[in-house]
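Letter by letter, the chains look like this.
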Amino acid sequence: TGGYQLALAEARQRGWSSVAYVISRAISGAFLCHGLQADHIVALGPEYNTMIHVMPITSISRITKLDIEFLQELSKSNPVFAPGPQFFYALGGVNEMIDNHEDARDIIIKHFEEIVALKVKGEQDTLGPMGRGLLALERGSRNARAAAISTAAKEFAAVMDKYIDL
């Protein structure tokens, strides 16, 4: 899976455009690998029983030793814990929700056109995983992301000469 994910990321960085279309269940590693490497992600709304989550609440409970009831209550106010495309939309993980599946083709074409236009303008950083972080900020979530990325980059720069033969 890691090799495939790297291939998708490299293809995107070399100019290939991709739109992930979530139509059913997008969970765990498969979504992390396939969906999140796309330039844009569109998803059918929850009325189609579409499900997006990185980890089910039952697994989060087992790992964190927190009660399922507590996590279910927390998911009502915190989209990080909540399963569903609308919560990933709030986190910037989904660019657009599709309310009517008959509109999907036109919406996907529109996203490809937007992606190509952004790449022509040299705005690749507004796409893919980095673009989803910007989208989250626009939607009022994941506010600490930029600071965490900056801190990690500074710490890596301080030691990279020990690990990378320049």
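Higher on the page you've got the structure.
This section reports on the structure supplied with the text. Keep in mind that what you see is a predicted model, and the values were worked out from it rather than measured.

Parameters at a glance
Residues numbered from 1 in each chain as written. Predicted model: local features only at pLDDT ≥ 70, side-chain atom pairs only at ≥ 80, totals over all residues. Heavy atoms only, no water. Buried < 20%, exposed > 50% of the residue type's maximum accessible area, 1.4 Å probe, protein only. Helix = DSSP H or I, 4+ residues; strand = E, 2+ residues; numbered from the N terminus. Pairing = 2+ DSSP bridges. Patch = residues over 30% accessible without salt bridge, like charges linked within 9 Å, V, L, I, M, F, W, Y side chains within 5 Å. Areas by Shrake-Rupley, 256 points an atom, 1.4 Å probe, with all protein chains shown as cover. Salt bridge = Lys/Arg side-chain N within 4 Å of Asp/Glu carboxyl O. Lys, Arg positive; Asp, Glu negative; His and termini not counted. Charge placed at Lys NZ, Arg CZ, Asp CG, Glu CD.

A word on the pairing of strand 3 (residues 40-44). The side chains of a regular strand alternate, first on one face of the sheet and then on the other. The buried fraction of strand 3 is high, at five of five residues. Because side chains alternate across strand 3, one face comprises the buried residues H40, V42 and L44, and the other comprises I41 and A43, equally buried. Bridge analysis of strand 1 (residues 19-22) against strand 3 gives four bridges, and the strand direction is parallel. By the bridge assignment for strand 3, A20 is matched with I41. Looking at chain direction, strand 3 and strand 5 (residues 96-98) are connected through three bridges and run parallel. Of the residues in strand 5, the one forming a bridge with V42 is E96.

Where like charges cluster on the molecular surface, the negative patch consists of E47, D99, E102, D103 and D106. Inspection of the secondary structure puts D106 in helix 6 (residues 104-120). With relative accessibility at 55%, the residue D106 sits in the exposed group.

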